[in-house]
Amino acid sequence: MKIGIIGAGFVGRAIGKLAVRSGHQVMLSNSRGPQTLFSLRHAVGGEVGTVDEAVAFGDVVVVAIPLSAYRSVPVAPLAGKIVIDTDNYYHERDGRIAELDSGATTTSELLAGHLPQSRIVKAFNAITMTDLESGGRPSGASDRRALPVAGDDADAKAVAVALYDQFGFDAVDVGALSEGWRFERGRPAYCVPFNKADLQKVLAATVRDGQLTS
Ligand SMILES: NC(=O)c1ccc[n+]([C@@H]2O[C@H](COP(=O)([O-])OP(=O)(O)OC[C@H]3O[C@@H](n4cnc5c(N)ncnc54)[C@H](OP(=O)(O)O)[C@@H]3O)[C@@H](O)[C@H]2O)c1
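Our subject in this report is the structure included herewith.

1. Examining helix α1 (residues 10-21)
In a regular helix each residue adds 1.5 Å, so twelve residues correspond to 16 Å; α1 covers 17 Å between its end C-alpha atoms and thus fits that length. Burial runs high along α1: nine of the twelve residues are buried. Within the sequence span of α1, burial applies to Val 11, Gly 12, Arg 13, Ala 14, Ile 15, Gly 16, Lys 17, Leu 18 and Ala 19. Buried residues in α1 make contact with β1 (2-6), β2 (25-29), α2 (40-44), β4 (60-63), α7 (129-134) and α8 (154-167). With its phi angle positive at about 100°, Gly 23 sits one or two positions after the end of α1.

Printed below as a string of structure tokens:
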């Protein structure tokens with residue numbers, strides 16, 4: 001599979017590296033241009049390009065940028081494409097976003113509103129990249145960690161679940177994209193390791209109000 005990645009920080013690099021290791025082709029990008037990513041070609045093992053080039057390259061495109069920049073993601077070239085949203089809301093970094101502070105929407109629904117023709121799946125946001133790179137275990141291992149996924153498009157979710165598996169993780173499907181709040185920042189499942197059975201329980205028991213960190 002060809003995976004274009006918007007953002008070449010901790011998330012873009014970690015997912016890029018693991019995807020290359022799993023046999024995928026990867027192109028990383030950032031806002032400053034591929035000349036600023038020269039050394040990453042060797043570190044990650046993929047190509048580098050502009051955001052537009054990465055979007056055109058990918059059958060699947062990963063968004064891995066500060067949430068505050070989501071409106072800069074190209075809209076028309078992503079129509080019909082599967083987009084994996086890894087972003088989280090940190091008001092300390094992103095500024096206050098009223099709809100998120102009030103609980104009126106979720107981070108991935110913001111991106112979906114910006115990309116109405118794209119097939120968005122929320123994944124890879126509830127694990128640190130250190131854990132993603134070091135925590136993978138073979139399928140069936142007793143200590144295999146599970147990661148949550150949410151989305152409205154079955155094919156998009158299947159792609160995220162397959163990547164989880166290739167990277168060494170089980171998946172728990174929480175349902176529609178609007179259910180993504182269950183594993184946003186501050187929720188019990190956020191960046192906490194659980195096996196599949198325990199993650200299912202924790203996600204099901206999560207309540208929407210009153211559990212977010214400030
Ligand atoms: N770090 C983690 O362990 C982790 C885990 C799960 C989810 N997340 C979430 O994933 C997202 C990325 O996190 P990160 O830790 O990878 O951040 P990061 O290390 O700061 O990297 C962000 C990357 O996005 C690029 N970027 C910024 N604005 C851009 C734009 N408008 N267009 C294209 N590229 C842009 C930056 O490069 P330029 O500034 O040069 O463009 C940089 O390469 C965040 O929303 C974060 O909350 C992080």
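Structure shown, so let's carry the discussion forward.
2. Description of the site of the ligand
Taken together, the neighbourhood of the ligand is formed by 24 residues, with Gly 7, Gly 9, Val 11, Asn 30 and Ser 31 sitting nearest. The element that contributes the greatest number of residues to the shell around the ligand is α1, accounting for three residues. Residues belonging to the shell around the ligand are distributed by class as follows: twelve nonpolar, ten polar and two charged.

3. Some words on the environment of Leu 163
Secondary-structure assignment places Leu 163 in helix α8. Taking the C-alpha atoms as reference points, Leu 163 and Ala 19, separated by 144 residues in sequence, lie 7.6 Å from one another.

4. Digging into the pairing of strand β8 (residues 170-175)
Sheet topology places strand β7 (residues 146-151) next to β8; five bridges connect them, and they run parallel. Opposite Ala 150, over in β8, you have Gly 175 as the bridge partner. In this fold, the crossover linking β7 to β8 by way of α8 has right-handed handedness.

5. Considerations on unusual backbone geometry
Here Phe 124, not a glycine, exhibits a phi torsion of approximately 65°, which is positive. Unlike most non-glycine residues, Cys 191 shows phi in positive territory, near 60°. By the secondary structure assignment, Cys 191 is in the loop between β8 and α9 (196-205).

6. Regarding the nonpolar core
Formed by 64 residues in total, the largest nonpolar core has its most connected members in Ile 5, Ile 6, Leu 28 and Val 63. Considering every element that reaches this core, the biggest residue donor is α8, with six residues.

7. Some words on the sheet that holds β2
The strand order across the open sheet formed by eight strands is β3-β2-β1-β4-β5-β6-β7-β8, and the pairing between neighbours is mixed. With partners counted over all chains shown, the strands left at the sheet margins are β3 (47-49) and β8, one partner each. In this sheet, neighbouring strand axes are inclined to one another by 25° on average, regardless of whether the strands run parallel or antiparallel. One ladder, built from four bridges, connects β4 with strand β5 (residues 82-85); its direction is parallel. Across the sheet, residue Val 63 finds its bridge partner in β5, namely Asp 85.

8. Quick notes on the pairing of β7
Across the six residues that make up β7, a large majority, six, are buried. Residues Ala 146, Pro 148 and Ala 150 of β7 are buried on one face, and the alternating residues Leu 147, Val 149 and Gly 151, pointing to the opposite face, are buried as well. Pairing geometry for strand β6 (residues 119-122) and β7, over two bridges, is antiparallel. Along β7, the bridge assignment pairs Lys 122 with Ala 150.

Scoring rules and cut-offs
- Residues numbered from 1 in each chain as written.
- Predicted model: local features only at pLDDT ≥ 70, side-chain atom pairs only at ≥ 80, totals over all residues.
- Helix = DSSP H or I, 4+ residues; strand = E, 2+ residues; numbered from the N terminus.
- Expected span 1.5 Å × (residues − 1).
- Buried ≥ 20, exposed ≤ 12 C-beta atoms within 10 Å, placed from the backbone.
- Contact = placed C-beta atoms within 7 Å.
- Near = placed C-beta within 6 Å.
- Nonpolar A, V, L, I, M, F, W, Y, C, P; charged D, E, K, R; others polar.
- Pairing = 2+ DSSP bridges.
- Right-handed = clockwise from strand over helix to strand, strands pointing away.
- Core = buried A, V, L, I, M, F, W, Y, C linked by C-beta atoms within 7 Å.
- Axes fitted to C-alpha atoms, helices over the stretch in contact; angles between N-to-C directions.

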